[in-house]
Amino acid sequence: MSRQIKTDYSKIFLLPPSIEDWVGSDHPARFIREFVELLDMKDLGFKTEDNEEGRPYYSSELLLKIWLYGYYSRIRSSRELEKMTYENQPMIWLATMEKPDHNTIWRFWQRNKRSIKKLFGETVKTAIKLNLVSFVLTAVDGTKLKSLSANKWLLNEAEIEQLLKRIDKSISNLEKEIEKTEREERNYDDRLPKDLQDRETLREKIRKAREELKANERTKINIQEPEARIMRTMGGKRDTGYNGQAAVDSKERIIVGEELINEENDLHMLVPMIEKVKATTGITPARTVADQGYGSGEQLSEAEKRGYEVLTNLKKPDTDNPYSTDRFKYSSDKDILICPEGKELKYENSSFYHKSRAIVKRYKCISYKDCKVRWLCSKDVNGRRVKVTPYIDAINRQRKQHEIEENKRTLKKRKEIVETVFGWIKNIDNFRRFTVKGLENSKVQWSMICATINLRTIYKNWSKNKPIHQFYPCYALRF
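Calculation notes
- Residues numbered from 1 in each chain as written.
- Predicted model: local features only at pLDDT ≥ 70, side-chain atom pairs only at ≥ 80, totals over all residues.
- Heavy atoms only, no water.
- Helix = DSSP H or I, 4+ residues; strand = E, 2+ residues; numbered from the N terminus.
- Buried < 20%, exposed > 50% of the residue type's maximum accessible area, 1.4 Å probe, protein only.
- Contact = heavy atoms within 4.5 Å.
- Areas by Shrake-Rupley, 256 points an atom, 1.4 Å probe, with all protein chains shown as cover.
- Axes fitted to C-alpha atoms, helices over the stretch in contact; angles between N-to-C directions.
- Parallel < 35°, antiparallel > 145°, perpendicular 65-115°, else oblique.
- Nonpolar A, V, L, I, M, F, W, Y, C, P; charged D, E, K, R; others polar.
- Arc of directions from axis to C-beta.
- Polar contact = N/O pair within 3.5 Å; in protein donor to acceptor, adjacent residues only side chain to side chain.
- Phe/Tyr/Trp six-rings, centres within 6.5 Å; stacked < 30°, edge-to-face > 60°.
- Lys NZ or Arg CZ within 6 Å of the ring centre and 35° of its normal.
- Salt bridge = Lys/Arg side-chain N within 4 Å of Asp/Glu carboxyl O.
- Core = buried A, V, L, I, M, F, W, Y, C linked by side-chain atoms within 4.5 Å.
- Disulfide = S-S within 2.5 Å.
- Lys, Arg positive; Asp, Glu negative; His and termini not counted.
- Expected span 1.5 Å × (residues − 1).
- Bend = angle between axes of the 7 residues up to and from the residue.

Trainee: What is the right way to look at the overall build of the chain in this model?
Mentor: Secondary structure assignment for the chain yields 16 helices and 13 strands. A total of 479 residues make up the chain; the buried ones form 45% of that total. Relative to all contacts within the chain whose residues are 6 or more apart in sequence, the contacts with residues 24 or more apart total 67%. Of the roughly 27,700 Å² that the chain leaves accessible, carbon and sulfur atoms contribute 47%.

Trainee: I'm lost on the packing of helix H12 (residues 297–305) against helix H14 (residues 392–401) in this one. Help?
Mentor: A pair of packed helices can be characterised by two numbers: the angle between their axes and the separation between those axes. Put simply, H12 and H14 touch, their axes get as near as 8 Å, and they point 80 degrees apart. With respect to their mutual orientation, H12 and H14 come out roughly perpendicular. Mapping the contact onto sequence places Gly 297, Leu 300, Ser 301 and Glu 304 in H12 and Ala 394, Ile 395, Arg 397 and Gln 398 in H14. Tallied by class, the residues present in the contact of H12 with H14 amount to 3 nonpolar, 3 polar and 2 charged.

Trainee: What's the story with helix H4 (residues 78–87) in this structure? I'm lost.
Mentor: An α-helix turns once per 3.6 residues; consequently, residues spaced three or four apart project the same way. When H4 is considered as a whole, its buried residues turn out to be Ser 78, Leu 81, Glu 82, Met 84 and Thr 85. Looking straight down H4, one finds its buried side chains confined to an arc of 155 degrees; they lie on one side. In H4, the exposed positions angled more than 90 degrees off the buried face are occupied by Arg 79 and Glu 87. Where H4 is buried, its residues meet helix H3 (60–72), helix H5 (89–94) and helix H6 (102–111). The distance from a side-chain oxygen at the start of H4 to the backbone nitrogen of Arg 79 is 3.3 Å, and the residue carrying that oxygen is Ser 77.

Trainee: Can you help me understand the packing of aromatic side chains in this one?
Mentor: Any two aromatic rings considered together are summarised by their centre-to-centre distance and by the angle between their planes. Counted according to the given criterion, the structure contains 12 aromatic pairs. Relative to Tyr 71, the ring of Trp 67 lies with its centre 6.1 Å away and its plane at 50 degrees, an arrangement referred to as tilted. Here Trp 67 pairs with Tyr 71, and both are found in helix H3, just 4 residues apart, close to one helical turn. Across the pair, Tyr 71 and Trp 67 agree in class, each one buried. Through pairs of rings, three or more aromatic residues link up here, namely Trp 67, Tyr 71, Trp 106 and Trp 109. The ring of Tyr 347 has Lys 361 sitting right over it, with the charged end atom 5.9 Å from the ring centre.

Trainee: Please clarify how the pattern of salt bridges should be interpreted in this entry.
Mentor: Any two side chains of opposite charge can pair, on the condition that their charged atoms come close. A full pass over the atoms with the stated rule returns 24 salt bridges. Between Asp 141 and Arg 414 there is a salt bridge, with its nearest N and O atoms 3.1 Å apart. Placement of the pair is Asp 141 in strand E1 (residues 138–146) and Arg 414 in helix H15 (residues 405–428), with a sequence separation of 273 residues. Assessed through its relative accessible area of 5%, Asp 141 is described here as buried. For Arg 385, the salt bridge goes to Asp 380, with nearest N and O atoms at 3.5 Å.

Trainee: How should the nonpolar core be read in this particular structure?
Mentor: Core analysis: the biggest nonpolar cluster contains 87 residues, and Ile 32, Leu 64 and Trp 446 have the highest contact counts within it. The biggest single contributor to this core is helix H16 (residues 439–465), with 12 residues. If we ignore the near neighbours within four places in the chain, the residues touching Trp 446 are Thr 143, Leu 145, Gly 244, Gln 245, Glu 258, Glu 259, Leu 260, Phe 422, Ile 425, Phe 431 and Phe 434. Counting 10 residues, the second largest nonpolar core, distinct from the first, contains Phe 328, Tyr 368, Val 388 and Ile 392.

Trainee: Could you clarify how one ought to interpret the state of the cysteines in this entry?
Mentor: Each disulfide consists of a covalent bond between the sulfur atoms of two cysteine residues. Enumeration according to the criterion identifies 0 disulfides in this entry. For Cys 339, which is in no disulfide, the shortest distance to another cysteine sulfur is to Cys 371 and amounts to 6.2 Å. For Cys 339, a relative accessible area of 12% corresponds to the buried category. Cys 365 provides the cysteine sulfur closest to Cys 371, a residue in no disulfide bond, and the two sulfurs are 6.2 Å apart.

Trainee: Could you clarify how one ought to interpret the environment of Leu 439 in this entry?
Mentor: In this structure, Leu 439 sits in helix H16. Sequence-wise, Leu 439 and Leu 260 are 179 residues apart; in three dimensions their C-alpha atoms are separated by 7.9 Å. Leave out the neighbours within four places in its chain, and Leu 439 touches Glu 227, Tyr 242, Leu 260, Ile 261 and Asn 262.

Trainee: What is the right way to look at the side chain of Arg 384 in this model?
Mentor: Position of Arg 384 among the secondary structure elements: in the loop between helix H13 (374–377) and strand E13 (385–388). Nearest to the buried, unbridged Arg 384 among oppositely charged side chains is Asp 326, at 8.3 Å. Not counting the four nearest positions on each side in its chain, Arg 384 is found in contact with Tyr 323, Ser 324, Thr 325, Phe 328, Leu 345, Tyr 363, Lys 364, Cys 365, Cys 377 and Ser 378.

Trainee: Sorry if this is basic, but what is going on with the environment of Ser 332 here?
Mentor: Within the secondary structure, Ser 332 sits in the loop between strand E9 (329–331) and strand E10 (336–338). Taking the C-alpha atoms as reference, Ser 332 lies 8.9 Å from Asp 393; in sequence the two are 61 residues apart.

Trainee: Explain the environment of Trp 22 to me, please; I cannot follow it from the model alone.
Mentor: Along the chain, the position of Trp 22 falls in the segment before helix H1 (28–37). Judged by its relative accessible area of 27%, Trp 22 is partly exposed. Sequence spacing of Trp 22 and Pro 90 is 68 residues, and the spatial spacing of their C-alpha atoms is 7.3 Å.

Trainee: Can you help me understand H15 in this one?
Mentor: Between its first and last C-alpha atoms H15 spans 35 Å; for 24 residues at 1.5 Å apiece the expected length is 34 Å, and the two agree. The largest bend in H15 comes to about 30 degrees, at Glu 419. What H15 keeps buried is the set Asn 407, Thr 410, Leu 411, Arg 414, Ile 417, Val 418, Val 421, Phe 422, Ile 425 and Lys 426. Positive phi shows up at Asn 430, right after H15, with a value of about 55 degrees.

Trainee: I tried to follow the side chain of Gln 398 on my own but got confused; where do I start?
Mentor: With respect to the element layout, Gln 398 can be found in helix H14. Residues in contact with Gln 398, not counting those within four places in the same chain, are Leu 300, Val 310, Leu 311, Thr 312 and Leu 314.

Trainee: I keep staring at unusual backbone geometry and nothing clicks. Help me out?
Mentor: Only a minority of non-glycine residues have a phi that is not negative, and only a minority of peptide bonds are not trans. The residue Arg 74 is not glycine, and still its phi comes out positive at about 65 degrees. You can see Arg 74 is positioned in the loop between H3 and H4. By relative accessible area, which is 36% here, Arg 74 ends up partly exposed. At Met 97, a position not held by glycine, the phi torsion is positive, near 70 degrees. Mapped onto the fold, Met 97 is located in the loop between H5 and H6.

Spatial relationships are all this shows, so hold off on functional conclusions.
So, in structure tokens, the structure goes:
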């Protein structure tokens, strides 16, 4: 006869249970514990010394374990992390039953932002030591992420002026009420009221946003988060946000370089991202692939100067137009352009082009009056004009690279390498919006997100190839 197993709240232990038995020997919480305990906390900038006076305080090691395991578990709120120290058994084990409140957890983040940002580099170094990075092929890409501040604060100059007038009027009315109260009451508290403080703060934010709007020649700006930019996010929507950059190694999709910018495109980020990888690892990837957004002539030329081998998708030639700009050939010897009909275009003038940050030359057709296809080539009554950047040779050399079959196959790998990682971040981790405000704070969070992705990959490969229960404590990480 079988019997039911029911809840029994009268159970007692003959001996107290060991905290080490609360989680399995191959649990990710143990991996986080070992990772943190092997860090040189002082070298990273965390506080490690005891205070000579005052009450006991939670160590940097304890609070960092809470944050890292929280991000690993897709929890990024200090209040939720506090809740985990009460209800989540692996977190209770990891924190050894300590229960710092959410204010303590958040203050640690605020005070150690620089040190927390360095954790990403530690994950990369660990991955390299475990032979998870090859540096044979690295893919670079960017993804748009929403800022914390909502679009309702996205205003143009006229709307900003109108809002500023309303706030100035409300402050003026409050000040009149204060003066009246002060005359009527002898024991008046002369501290600035909360309402007035809030309005003053908002007014200052609006003024700064207005100044930045004019300085950067933008049509709209988010007054709560002026550093955020209008970005095209998923589904073609336009939201204020930031551009998360990542360089991903092809072997196990370890992120070996990260950055967060507030530029709407990736035009100037190819060489900087390769430099990021080099700064983090000390190694330059043998080859870097990127999409069309990185294929500016300036960046291709700079990559050549620095000896970086890169492959980027380029804008495809207009096959329907036999006289499209890309069909004109440049001759550096004569400093002329040769059109598809074999006629010459002479140098006319130069101008500064802000997008490419370069001097752009303009060439004009000198024989357009006698040309049989002049109206097919250009509708300009003064003949065809073509602009040429100083990077045209670098672009042409890149096009030559695309004619090699192996390079075509390599370019196709870009999507499966880096976009897979962005899929993990957005669809599995559900990270599409920052939970902190401002570019610098968002940079720290993006770095933490990238570090977490690396930690998951390291743990997965480590536990698969070298079961943790065979090495516990995790000596496999001790180098």
